Amino acid sequence: MTAGGSTLRLTNTLTRRVEPFEPLTPGQVSIYCCGVTVYDLCHLGHARSYIAWDVLRRYLIWRGYQVTFVQNYTDIDDKILNRAAEEGSSMEAVSERNIEAFVADMARLNILPADRMPRATRSLDAIRLLIQELEARGAAYSADGDVYFAVMKHAGYGKLSGRDLSEQQDNASGRVADEEEARKQHPFDFALWKGVKPGEPSFPSPWGPGRPGWHIECSAMVREELGDTIDIHLGGADLIFPHHENEIAQSEAATGKELARYWLHNGMVNVGGQKMSKSLGNFTTIRALLDSGVSPMTLRLFTLQAHYRKPLDFTAEALDAAATGWKGLNAALGLAALREGEPNSADGDTASQVIPVQPSSDPGSLSPELAQERERFAAAMDDDLNTSAALAVLFELAKPLRALANRIERGDQAAAAEATSPEAQARLGLLQELASVLGLRHEQAAAPTTTDGPDDTAIEALIEQRKAAKANRDFASADRIRDELKAKGIELIDKPGGLTEWLRG
RNA sequence: GGCGGCAUGGCCAAGUGGUAAGGCAGAGGAUUGCAAAUCCUUUACCCCCAGUUCGAAUCUGGGUGCCGCCUCCA
């Protein structure tokens, strides 16, 4: 499928090349995205990853594909059990709570909910069936209640991560051999099923009570939800090995078919040049950042300014720059609401404002200039989702609209009339359309985050004093009042017509 | 040690053979009693060395630096 004559090209980790994207079934795309292990809140690394894949999904829809997007929850895992033990609750309680938090966080970031979100604990039949098939094919062996995948029996193991078992062995065998290690035939063998340990929840199986290993759940859920071969498999670059390598081995050993045709991986979010991670303690949760006053769209813009495969350094400076940049785009996008007074986002509740992505509008109705901008956008996105270049198009589309919006805000009647012109409306329409492909939407100005300092009536009284001083051309007194309030975190903004607005800093 | 990736202006970041997008910050100007906001204009030869080429940030070789994976991780 093409638009404007070009073809979407994506970097496929499997081949380490940029390849033209052609789905298995023309017009339809099946996508599986590795989800979170729900033992804690999501941090900015998750935000970056899921924003990137949300944009991929939105772009495919815009290009006219019918997309089926599946993302799992890993809701059985050592870390969940540890967390439950720490807080004296249960695996289910920890999972449930974090799934709710995940849904809320994603909604705030305007990430479209997946079409289906399977959970490991609800996919046990598919998991057990897959393990049995692997056993029957001689690809797995059981040992003391555990079942392992035999990597040496699977030709092609290592094809995704570029690893060679024979070269890895020396190094790998030098590891500390714990109890589990001792049961393995090869150091790279991994658990498909883990026999129950005292005090742990377990599920029945032909190998005795226990629970699934991490990798097998994805293989099982992919197959159950989307079939033996899917178009695109997504995840963070840190999942390439061993997770995705093992997923491929399991699935392909069982089905004899290719698991996924395109493997896409996003780069990590770094802090001070190092990967954001729990173990380093350098993480910021999505909700902590958003609750600190950073707007969801600012975070979205911040992540989309870099290419999805590259590492993204998280710094306060870069985030500030994104916030200022977003202000400009936001002003232009707000033109519609400003002109029509439509309350489409007046409630400020971001969760209720998911703008559905529409397939691309007819570019034939656009002026030559707008058609060219649209084409630039599509060409950028076709080039392995070059969102940085695509954003440049948005900024250029927004520029004159932003100027109009600012003039209107100051009561410029001519600007208000200009905004209703067919040219301005067409430009705004295209901007909104392309912004929605990136999941960017107008945001209302943030409400004051603090109520510290003088109360409203005291401030109003001082503003009246200052107004009187100004009327007497006593600017020294007027400025003194401004400075005093500023010291208390109150900023005064003089507007046309003698009005003075104020904000709490 | 093995595998992979990255090095572009003060900061972030596009750009894979023809003479450097965009954002932020800065500078100059307009406007404003001041301030904020806004508007206009403006700022780079691309880590180092050697090669290929009429021509390279862009290709090749070497070097230096940084990062990720090899254990759970988006």
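Everything numeric here is computed off the predicted structure, so don't read it as measured data.

1. Quick look at the packing of helix 10 (residues 296-304) against helix 11 (residues 316-333)
Now for step 1: Between helix 10 and helix 11, whose axes approach to 8 Å, the crossing angle comes to 110°. When the interaxial angle is binned, helix 10 and helix 11 end up roughly perpendicular. The handedness of the crossing between helix 10 and helix 11 comes out as right-handed. Residues Met 297, Thr 298, Leu 301 and Phe 302 of helix 10 form the contact with helix 11, whose participating residues are Ala 318, Leu 319, Ala 322, Ala 323, Gly 325, Trp 326 and Leu 329.
Now for step 2: By residue class, the composition of the contact of helix 10 with helix 11 is 9 nonpolar, 2 polar and no charged.

2. A word on the pairing of strand 5 (residues 140-143)
Now for step 1: Summarising the sheet, strand 5 and strand 6 (residues 146-149) pair through 4 bridges and their orientation is antiparallel. By the bridge assignment for strand 6, Ala 140 is matched with Phe 149.
Now for step 2: What sits between the antiparallel neighbours strand 5 and strand 6 is a turn of 2 residues, in which Asp 144 has the positive phi angle 55°.

3. As for the pattern of salt bridges
Now for step 1: The tally for this structure, following the rule as stated, stands at 33 salt bridges.
Now for step 2: In this structure, Asp 383 engages Arg 9 in a salt bridge whose closest nitrogen and oxygen atoms are separated by 3.7 Å. Residue Asp 383 is located in the loop between helix 13 (368-382) and helix 14 (387-409), and its partner Arg 9 is located in strand 1 (residues 9-12); the two are separated by 374 residues in the primary sequence.
Now for step 3: Relative accessible area serves as the criterion here: at 36%, Asp 383 is assigned to the partly exposed category.

4. Some remarks on the packing of aromatic side chains
Aromatic rings considered in pairs are described by the distance between their centres and by the relative angle of their planes.
Now for step 1: Here the structure, examined in full by the defined rule, presents 12 aromatic pairs.
Now for step 2: Consider the rings of Trp 62 and Phe 377, whose centres lie 5.6 Å apart with planes at 85°: the pair is edge-to-face. In this pair, Trp 62 is assigned in helix 1 (residues 44-62) and Phe 377 in helix 13, connecting sequence segments 315 residues apart.
Now for step 3: What makes Phe 377 buried here is its relative accessible area of 0%.
Now for step 4: Ring pairing ties together the aromatic residues Phe 21, Tyr 65 and Tyr 262, which thus form one cluster.
Now for step 5: Its end group placed over the ring of Phe 241, Arg 163 keeps NZ or CZ at 4.0 Å from the ring centre.
Now for step 6: Seen from the ring of Phe 283, Lys 278 lies directly overhead, with NZ or CZ sitting 3.9 Å from the centre.

5. Digging into helix 2 (residues 78-87)
Now for step 1: Here helix 2 has its buried residues at Ile 80, Leu 81 and Ala 84. On an axial view of helix 2, the arc spanned by its buried residues comes to 100°, and they lie on one face. Of the exposed residues in helix 2, the ones pointing more than 90 degrees away from its buried face are Ala 85 and Glu 86.
Now for step 2: Residues of helix 2 that are buried in the fold lie against helix 3 (91-108) and strand 8 (210-212).
Now for step 3: Its side-chain oxygen 2.5 Å from the backbone nitrogen of Lys 79, Asp 77 forms the N-cap of helix 2.
Now for step 4: At the exit of helix 2 stands Gly 88, carrying a positive phi of roughly 65°.

6. Details of the sheet that holds strand 6
Now for step 1: Pairing in this open sheet of 4 strands is antiparallel, and the strands run 5-6-7-8 from one edge to the other. On the outer flanks of this sheet lie strand 5 and strand 8, each paired with one strand and no other. In this sheet, neighbouring strand axes are inclined to one another by 20° on average, regardless of whether the strands run parallel or antiparallel.
Now for step 2: Judged from the 3 bridges that link them, strand 7 (residues 190-195) and strand 8 form a sheet pairing that is antiparallel. Across the sheet, residue Gly 195 finds its bridge partner in strand 8, namely Gly 210.
Now for step 3: Lying over the sheet, helix 4 (residues 124-136) contacts strand 5, strand 6, strand 7 and strand 8, oriented at roughly 120° with respect to strand 7.

7. Quick notes on the domain arrangement of chain A
Now for step 1: Taken domain by domain, chain A holds domain 1 (9-137 + 215-271), domain 2 (325-437) and domain 3 (456-504).
Now for step 2: Look at where the C-alpha atoms of domain 1 and domain 2 centre, and you get two points 32 Å apart.
Now for step 3: With both sides pooled, the region where domain 1 packs onto domain 2 buries about 1,700 Å², and carbon together with sulfur makes up 60% of that total.
Now for step 4: Of all residues in domain 1, Arg 9, Tyr 59 and Trp 62 give up the largest surface area on contact with domain 2, accounting jointly for 44% of the area buried on that side.
Now for step 5: Where domain 1 meets domain 2, there are 2 salt bridges.
Now for step 6: Looking at the side of domain 1 that touches domain 2, the elements that each hand over two or more residues are strand 1, helix 1 and helix 3.
Now for step 7: Broken down by element, the residue count for the side of domain 1 that touches domain 2 peaks at 6 residues, all from helix 1.

Calculation notes
- Residues numbered from 1 in each chain as written.
- Chains lettered and ligands numbered in written order.
- Predicted model: local features only at pLDDT ≥ 70, side-chain atom pairs only at ≥ 80, totals over all residues.
- Heavy atoms only, no water.
- Axes fitted to C-alpha atoms, helices over the stretch in contact; angles between N-to-C directions.
- Helix = DSSP H or I, 4+ residues; strand = E, 2+ residues; numbered from the N terminus.
- Parallel < 35°, antiparallel > 145°, perpendicular 65-115°, else oblique.
- Left-handed = near helix turned anticlockwise from the far one by under 90°.
- Contact = heavy atoms within 4.5 Å.
- Nonpolar A, V, L, I, M, F, W, Y, C, P; charged D, E, K, R; others polar.
- Pairing = 2+ DSSP bridges.
- Salt bridge = Lys/Arg side-chain N within 4 Å of Asp/Glu carboxyl O.
- Buried < 20%, exposed > 50% of the residue type's maximum accessible area, 1.4 Å probe, protein only.
- Phe/Tyr/Trp six-rings, centres within 6.5 Å; stacked < 30°, edge-to-face > 60°.
- Lys NZ or Arg CZ within 6 Å of the ring centre and 35° of its normal.
- Arc of directions from axis to C-beta.
- Polar contact = N/O pair within 3.5 Å; in protein donor to acceptor, adjacent residues only side chain to side chain.
- Domains from an automatic or database assignment.
- Buried area = accessible area lost by both parts, 1.4 Å probe.

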